[in-house]
Amino acid sequence: ARGVGCREQRAGDHQDLHPFPTRRSADLASLATPNLHAQAKKPRRKPNPVFAPVKDTPELPRVLLIGDSISIGYTLPTRDFLKGKANLHRIPTNGGPTTKGLASIDEWLGKGKWDLIHFNWGLHDLKYMGPNGENLFPKEKGGKPQVPIDAYEKNLDKLVTRLKNTGAKLIWRNTTPVPPGSKGRYGGDSVKFNTAAARVMKKHGVPTHDLFTMSKKRMKEIMRPANVHYTPEGSKVLGKDVARVIIEALKK
């Protein structure tokens, strides 16, 4: 071991006359070499324009998007397609699993009036977690879904009940596909969770915006390989379709 009192000075070995600096030399060294960590300032991350506050045009309807990073990706394209037709807001964060939704829904809805709410939960519920909270942990090594499908269905029922209390028109956007090879998520799970969600929507009479089928058909074109996320162009494709269903619903 190398340390004070642990290294014996061999006879004739005079390479390190002062292997450990004196206090004075250490003080001088600290003056010569300022603490870079203390001086270094982390660059400020630019605010994501997706989460920028929206100034409403008074005569236009107010629309709220709720969802995870897939919806974050299509927020700005949807807003562009809705320009002059609706004020498009979104929750100021990643919507995460239904458990996060239940904890945050009152804050997200706020006190303003919503004319329409387009919402989704799913990809964070079905992702696999490790025994110590490890994210995207393989099920082959003992990972389990973050929210089991039975709990997901119950949570979603509570969330839809809360959303209905706003008096807004509701549109459920079903959960998009899991491409082969995606880390911590497995092909086919979106179908299972969407089946559970469909029971909830049928119970409450909420229409479904089927982005799953469209994404499945165009997966190689608009999705990233082995990844649940979309290319920038793919997010624009989603945004255009989200805007379409919102416009149609607002006309009814």
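Read on for a plain summary of the structure.

What counts, and where the lines are drawn
Residues numbered from 1 in each chain as written. Predicted model: local features only at pLDDT ≥ 70, side-chain atom pairs only at ≥ 80, totals over all residues. Heavy atoms only, no water. Helix = DSSP H or I, 4+ residues; strand = E, 2+ residues; numbered from the N terminus. Buried < 20%, exposed > 50% of the residue type's maximum accessible area, 1.4 Å probe, protein only. Contact = heavy atoms within 4.5 Å. Areas by Shrake-Rupley, 256 points an atom, 1.4 Å probe, with all protein chains shown as cover. Salt bridge = Lys/Arg side-chain N within 4 Å of Asp/Glu carboxyl O. Phe/Tyr/Trp six-rings, centres within 6.5 Å; stacked < 30°, edge-to-face > 60°. Lys NZ or Arg CZ within 6 Å of the ring centre and 35° of its normal. Pairing = 2+ DSSP bridges. Axes fitted to C-alpha atoms, helices over the stretch in contact; angles between N-to-C directions.

1. So, the overall build of the protein chain
And then number 1: Of regular secondary structure, the protein chain possesses 10 helices and seven strands.
And then number 2: Within the span of the protein chain, comprising 252 residues, buried residues form 42% of the whole.
And then number 3: A fraction of 73% describes how many contacts in the protein chain between residues 6 or more apart in sequence connect residues 24 or more apart.
And then number 4: Approximately 15400 Å² of the protein chain is accessible, and the part contributed by carbon and sulfur atoms is 55%.

2. Some thoughts on the pattern of salt bridges
And then number 1: Summed over all chains, the structure comprises nine salt bridges.
And then number 2: Its salt-bridge partner being lysine 203, residue aspartate 157 comes within 2.9 Å of it at the nearest N-O pair. Residue aspartate 157 is located in helix 6 (residues 149-164), and its partner lysine 203 is located in helix 7 (residues 189-204); the two are separated by 46 residues in the primary sequence.
And then number 3: For lysine 203, a relative accessible area of 60% gives the class exposed.
And then number 4: The network of salt bridges with shared partners includes Asp241, Arg244 and Glu248.

3. Observations regarding unusual backbone geometry
And then number 1: At leucine 136, a residue that is not glycine, the phi angle is positive and equals roughly 50°.
And then number 2: Mapped onto the fold, leucine 136 is located in the loop between strand 4 (128-129) and strand 5 (144-145).
And then number 3: The phi dihedral of alanine 226 falls on the positive side, at around 55°, and the residue is not glycine.
And then number 4: With respect to the secondary-structure elements, alanine 226 resides in the loop between helix 9 (219-222) and helix 10 (232-251).

4. Quick notes on the environment of lysine 139
And then number 1: Inspection of the secondary structure puts lysine 139 in the loop between strand 4 and strand 5.
And then number 2: For the pair lysine 139 and lysine 127, spaced 12 residues apart in sequence, the C-alpha to C-alpha distance is 9.7 Å.
And then number 3: When sequence neighbours within four positions are dropped, the list of residues in contact with lysine 139 reads Tyr128 and Tyr186.

5. Focus on the packing of aromatic side chains
And then number 1: Counted according to the given criterion, the structure contains four aromatic pairs.
And then number 2: Ring geometry for phenylalanine 119 and tryptophan 121: centres 6.1 Å apart, planes at 55°, overall tilted.
And then number 3: Through pairs of rings, three or more aromatic residues link up here, namely Phe119, Trp121 and Trp172.
And then number 4: One Lys or Arg, arginine 62, reaches over the ring of tryptophan 114 and ends 4.1 Å from the middle of that ring.

6. Quick notes on the sheet that holds strand 1 (residues 62-66)
In any sheet, the strands associate via hydrogen bonds between backbone groups, in a parallel or an antiparallel arrangement.
And then number 1: In space, the five strands of this open sheet follow the order 2-1-3-6-7, with parallel pairing throughout. The sheet terminates laterally at strand 2 (87-90) and strand 7 (208-209), the two strands that pair on one side only.
And then number 2: Looking at chain direction, strand 1 and strand 2 are connected through four bridges and run parallel. Counted as the bridge partner of leucine 65 is arginine 90 from strand 2.
And then number 3: Sitting on the sheet, helix 6 touches strand 1, strand 3 (116-119) and strand 6 (169-173), and the angle it makes with strand 6 is about 155°.

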